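# Close look at the chain arrangement
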Amino acid sequence: MKWQQLETTPGSRYLALVARVLYLVEDSDVDPASVRVPAWLASDEALERASAGVVAVEVRGLGRLGERLAEDVVSGVRVVVTEGVQEPSTSAAALYEAAPLVTLRLDRRVLRELARRTSDTGVEYMVEYLDDGTAAFFEGERYAVRLPFISSLAALHTHPEGACGLSSKDVDSAIHLLTEGGLFSGAVTESCAYLIYRLGPVLEDDYMAIKARGSWEGLRSVKTKWVAL
């Protein structure tokens, strides 16, 4: 029987909080660039700072976001919509790019350990980050992880050292996740990660360009990044 485990990690707790903020913005049809959030929400200090219990999301004029939500709760943290001015801050749009990087740094130890096992044995592992703040770990097969689609905030799987990239099947799975609301997907080795992440809802033109040509050039809603671990 293959190994599988559900646990809470610093990265899973962080990503659930950031996703809650971004989903509130997306569901309210508000431009993320017009929404201000605390700058620490895009940093490794987010969990420590959020322990105070409140994340203030600032929207000038409030509009539909204010009408739809006064506060929400995830992992004991209230997300409060306000018109107040808070400094220092950053735009909610910046969270799309920060979230994958912070998650990787917070969970670097466990991801590198799984990748080391893959380098030693060839067996790959998958981590699915869930919206309740937990992470589901799955053992796959030699050089493959085959799972039915899981609706998650993000998905990472391991590759052996020297294979920091994505196959065509990996790309298909990543784009499927992003179009279903996931924030990022990618592969990790002991020394690096290759990520695909979105900057907002995936645009149809970008989706068609990726599916038809496998091209990342000129895309407005999806980006890729190589990151050292």
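Note: the structure precedes this text.
Quick summary incoming for the structure in this document. In this text the structure is predicted, and so the values were computed from the model without any measurement. Per-chain numbering applies: the sequence of each chain, read as written, is numbered from 1 onward. Residues qualify for local features only when their pLDDT is at least 70, as the model is predicted, and side-chain atom pairs are given and counted only at 80 or more; totals for whole chains, interfaces and linings, by contrast, use all residues. Hydrogens are left out, water is left out, and the side-chain values use all remaining heavy atoms of the structure.

### Considering the sheet that holds strand β11 (residues 192-198)
The strand order β1-β8-β7-β9-β10-β11-β12 describes an open sheet built from seven strands, whose pairing is mixed. If you trace the sheet from one side to the other, it starts and ends with β1 (4-7) and β12 (222-228), each paired once. Sheet twist, expressed as the mean angle between neighbouring strand axes with direction ignored, is 15°. Note: two strands are recorded as paired if DSSP finds a minimum of 2 bridges between them. By definition, any uninterrupted DSSP run of H or I lasting at least four residues is a helix, any uninterrupted run of E lasting at least two residues is a strand, and each is numbered from the N terminus. Pairing geometry for β11 and β12, over seven bridges, is antiparallel. Orientation is described by lines fitted to C-alpha atoms, with helices fitted over the stretch in contact, and by angles between N-to-C directions that extend from 0 to 180 degrees.

### Describing the packing of helix α1 (residues 10-27) against helix α4 (residues 93-106)
For the pair α1 and α4, the least separation of the axes is 8 Å and the interaxial angle reads 170°. As the angle between them shows, α1 and α4 are arranged roughly antiparallel. For the pair formed by α1 and α4, the contact residues are Pro 10, Gly 11, Tyr 14, Leu 15, Val 18, Val 21, Leu 22 and Glu 26 on the first element and Leu 95, Tyr 96, Ala 98, Ala 99, Val 102, Thr 103 and Leu 106 on the second. Looking at the contact of α1 with α4 residue by residue, the class counts come to 12 nonpolar, two polar and one charged. Roughly parallel refers to an angle under 35 degrees, roughly antiparallel to one over 145, roughly perpendicular to one between 65 and 115, and oblique to any angle outside these ranges. We call two residues in contact whenever any of their non-hydrogen atoms come within 4.5 Å of each other. Residues are grouped as follows: Ala, Val, Leu, Ile, Met, Phe, Trp, Tyr, Cys and Pro are nonpolar; Asp, Glu, Lys and Arg are charged; every other residue, Gly included, is polar.

### Re the pairing of strand β5 (residues 77-82)
Here the term buried applies to any residue with accessible area under 20% of the maximum for its type, exposed to any over 50%, and partly exposed to those in between, with areas from a 1.4 Å probe on protein chains only. A one-sided burial pattern is seen for β5, the buried positions being Val 77, Val 79 and Val 81 and the unburied ones Arg 78, Val 80 and Thr 82. As judged from the five bridges shared by strand β3 (residues 54-59) and β5, these two strands associate in the parallel manner. The residue of β5 that forms the bridge with Val 55 is Val 79.

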